[in-house]
Amino acid sequence: CLMAAPGKVAAFRLPPLPTIGEIIKLFRLKALKQLSQNFLLDLRLTDKIVKQAGELKNAHVCEVGPGPGGITRSILSAGVEQLLLIEKDTRFIPGLQMLSEAAPGKVRIVHGDILTYKMEKAFPKHLKKDWEDEPPDIHIIGNLPFSVSTPLIIKWLENVSKRDGPFIYGRTQMTLTFQKEVGERLTANPGSNQRSRLSIMAQHLCTVENCFIIPGQAFVPKPEVDVAVVHFTPLVQPKIQQPFELVEKVVQSVFQFRRKYCFRGIETLFPENGRLKRTEQLMMTANVDPTLRPFQLSMSQFRNLCNAYRKMCDEDPSLFVFNYREELRQKKMTRSSLGSTGQPEQTEEENQL
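Residues numbered from 1 in each chain as written. Predicted model: local features only at pLDDT ≥ 70, side-chain atom pairs only at ≥ 80, totals over all residues. Heavy atoms only, no water.

**Student:** Mind showing me how you'd approach the packing of helix H2 (residues 43-52) against helix H3 (residues 70-77) here?
**Tutor:** Any two packed helices are characterised by the angle at which their axes cross and by the distance between the axes. Where H2 contacts H3, the axes come no closer than 8 Å and their chain directions differ by 60°. It follows that H2 is oblique to H3 by the angle criterion. Crossing hand, H2 versus H3: right-handed. Contacts between H2 and H3 involve Leu43, Thr46, Asp47, Ile49 and Val50 from the former and Gly70, Ile71, Ser74 and Ile75 from the latter. (Axes fitted to C-alpha atoms, helices over the stretch in contact; angles between N-to-C directions. Helix = DSSP H or I, 4+ residues; strand = E, 2+ residues; numbered from the N terminus. Parallel < 35°, antiparallel > 145°, perpendicular 65-115°, else oblique. Left-handed = near helix turned anticlockwise from the far one by under 90°. Contact = heavy atoms within 4.5 Å.)

Okay, structure coming up:
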């Protein structure tokens, strides 16, 4: 730390260190294509990402997949209290340890997979806030490999819904990178071509902001796409107040046939016996026009659909466990056992699914 004038807090500064490029050469690091790794070497851009997280002075931060440590340096320079690094690839650990030694007592390195790491005990208990309060002084930041980003955000959105995992501490904020197209889906409005399952699942639980785009050429190796930096703040009240699994099932069904009228996807919520009648009942109860396309539906229409479906499931619990794909599979097996003479090999529904 630099010496501070009396009455002023000392600003944290990292001592002189090798550049990220030198670290990559020193430890012979190479981005692995099969892990969809891309390094960000420009510290102005890593500073810009960290700035989107908000005020980090004396905050507790978890960085996911720090790699060679570009964003890690920017986080430490923001004056955080503690930084937890979760890195799956052992090749990056020595370089991160060098950063840890340069910031004594501030960095904890965990060699592990973020998809299985238990975040309930990642931070001190005294940081916990009530859900209705302002977000806790805890932030998750990460330049995620594309292969991990979508399953990870779905997992964390489920955690938001259940208020567990990293959200056991309150409305923990996240600043993450995604393929540009995924970033557009996360923030897409009704009527947009990018409106998707991801749009509804994210926006009904969080305020989602597409902060800025990083051109692909800023990364090493250069990916074929640009990268979006997206900020999430969990909402005090979700826009759809139903269990995560129920909302996901309804939303997934609606978007199953995204180019067709929405009732076509809604049908897949019900067994063949009584399908049409139940679909009409659901759409009437929810007051949703069956000829709207899935991407045209508003959040309140999805809420109405989920609420109406929940009511039907409460009346008939077997509905919620019904699986349309499994029904198709059984029909296909029956056709095969009877002999496929004159039968089409694949139905249109099977093709689309």
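**Student:** I'm lost on a negative patch on the surface in this one. Help?
**Tutor:** Taken together, the side chains of Asp130, Glu132, Asp133 and Glu134 define an acidic patch exposed on the protein surface. Here aspartate 130 is to be found in the loop between strand S4 (107-111) and strand S5 (138-142). (Patch = residues over 30% accessible without salt bridge, like charges linked within 9 Å, V, L, I, M, F, W, Y side chains within 5 Å. Areas by Shrake-Rupley, 256 points an atom, 1.4 Å probe, with all protein chains shown as cover. Salt bridge = Lys/Arg side-chain N within 4 Å of Asp/Glu carboxyl O. Lys, Arg positive; Asp, Glu negative; His and termini not counted. Charge placed at Lys NZ, Arg CZ, Asp CG, Glu CD.)

**Student:** It is not clear to me how the packing of aromatic side chains should be interpreted in this structure. Could you clarify?
**Tutor:** Note on aromatic pairs: each is described by the distance of the centres and the angle between the planes. Under the counting rule described, the total for this entry stands at 5 aromatic pairs. Between phenylalanine 123 and tyrosine 169, the aromatic rings sit 5.4 Å apart at their centres with planes inclined by 85°, giving edge-to-face as the arrangement. Note that phenylalanine 123 is positioned in the loop between S4 and S5 and tyrosine 169 in the loop between helix H5 (146-162) and strand S6 (173-179), a separation of 46 residues in sequence. With 5.9 Å between their ring centres and 15° between their planes, phenylalanine 255 and phenylalanine 302 make a pair best called stacked. Here phenylalanine 255 is found in the loop between helix H8 (244-254) and helix H9 (262-266), whereas its partner phenylalanine 302 is found in helix H11 (residues 299-315), with 47 residues between them in sequence. Positioned above the aromatic ring of phenylalanine 92 is the side chain of arginine 91, whose terminal nitrogen or guanidinium carbon lies 5.1 Å from the ring centre. Lying across the ring of phenylalanine 320, lysine 249 places its NZ or CZ 5.3 Å from the centre. (Phe/Tyr/Trp six-rings, centres within 6.5 Å; stacked < 30°, edge-to-face > 60°. Lys NZ or Arg CZ within 6 Å of the ring centre and 35° of its normal.)

**Student:** I keep staring at the sheet that holds strand S9 (residues 227-234) and nothing clicks. Help me out?
**Tutor:** In a beta sheet, neighbouring strands are held together by backbone hydrogen bonds and run either parallel or antiparallel to one another. Judged by pairing direction, the sheet is mixed, and its 7 strands sit side by side in the order S4-S3-S2-S5-S6-S9-S7 without closing on themselves. Edge positions in the sheet fall to S4 and strand S7 (206-214), since each of these pairs with one other strand and no more. Direction aside, the axes of adjacent strands within the sheet are offset by 20° on average. Note that strand S2 (residues 60-64) and S5 share 5 bridges and pair parallel. Residue pairing in the sheet places valine 64 in a bridge with glycine 142 of S5. Relative to the sheet, H2 contacts S5, S6, S7 and S9, its axis offset from that of S7 by approximately 165°. With respect to the sheet, H5 is in contact with S2, S5, S6, S7 and S9, its orientation differing from that of S6 by roughly 150°. (Pairing = 2+ DSSP bridges.)

**Student:** Looking at this structure, how should I read the side chain of histidine 204?
**Tutor:** Here histidine 204 lies in the loop between helix H7 (197-203) and S7. In contact with histidine 204, not counting residues within four places along its chain, are Leu235, Pro238, Lys239, Ile240, Val247 and Met299.

**Student:** It is not clear to me how the confidence of the model for the protein chain should be interpreted in this structure. Could you clarify?
**Tutor:** Any region with low pLDDT has predicted coordinates that should not be read closely. Model confidence for the protein chain is summarised by a mean pLDDT of 88, while 86% of its residues fall at 70 or above. Within the model, the stretch residues 1-10 combines pLDDT values under 50 with 10 contacts to residues more than four positions away or in other chains. (pLDDT = per-residue confidence, 0-100.)

**Student:** Looking at this structure, how should I read H2?
**Tutor:** Since the α-helix advances by 3.6 residues per turn, residues separated by three or four positions end up pointing in the same direction. Burial in H2 covers these residues: Leu45, Thr46, Ile49 and Val50. Down the axis of H2, the sector holding all buried residues measures 140°, keeping them to one side. Turned more than 90 degrees off the buried face of H2, the exposed positions are Arg44 and Lys51. Elements that come into contact with the buried residues of H2 comprise strand S1 (39-40), H3, S5, S6, S7 and S9. A distance of 2.9 Å separates the backbone nitrogen of arginine 44 from a side-chain oxygen at the start of H2, and that oxygen is part of aspartate 42. Immediately downstream of H2, the backbone of glycine 54 shows phi near 100°, a positive value. (Buried < 20%, exposed > 50% of the residue type's maximum accessible area, 1.4 Å probe, protein only. Arc of directions from axis to C-beta. Polar contact = N/O pair within 3.5 Å; in protein donor to acceptor, adjacent residues only side chain to side chain.)

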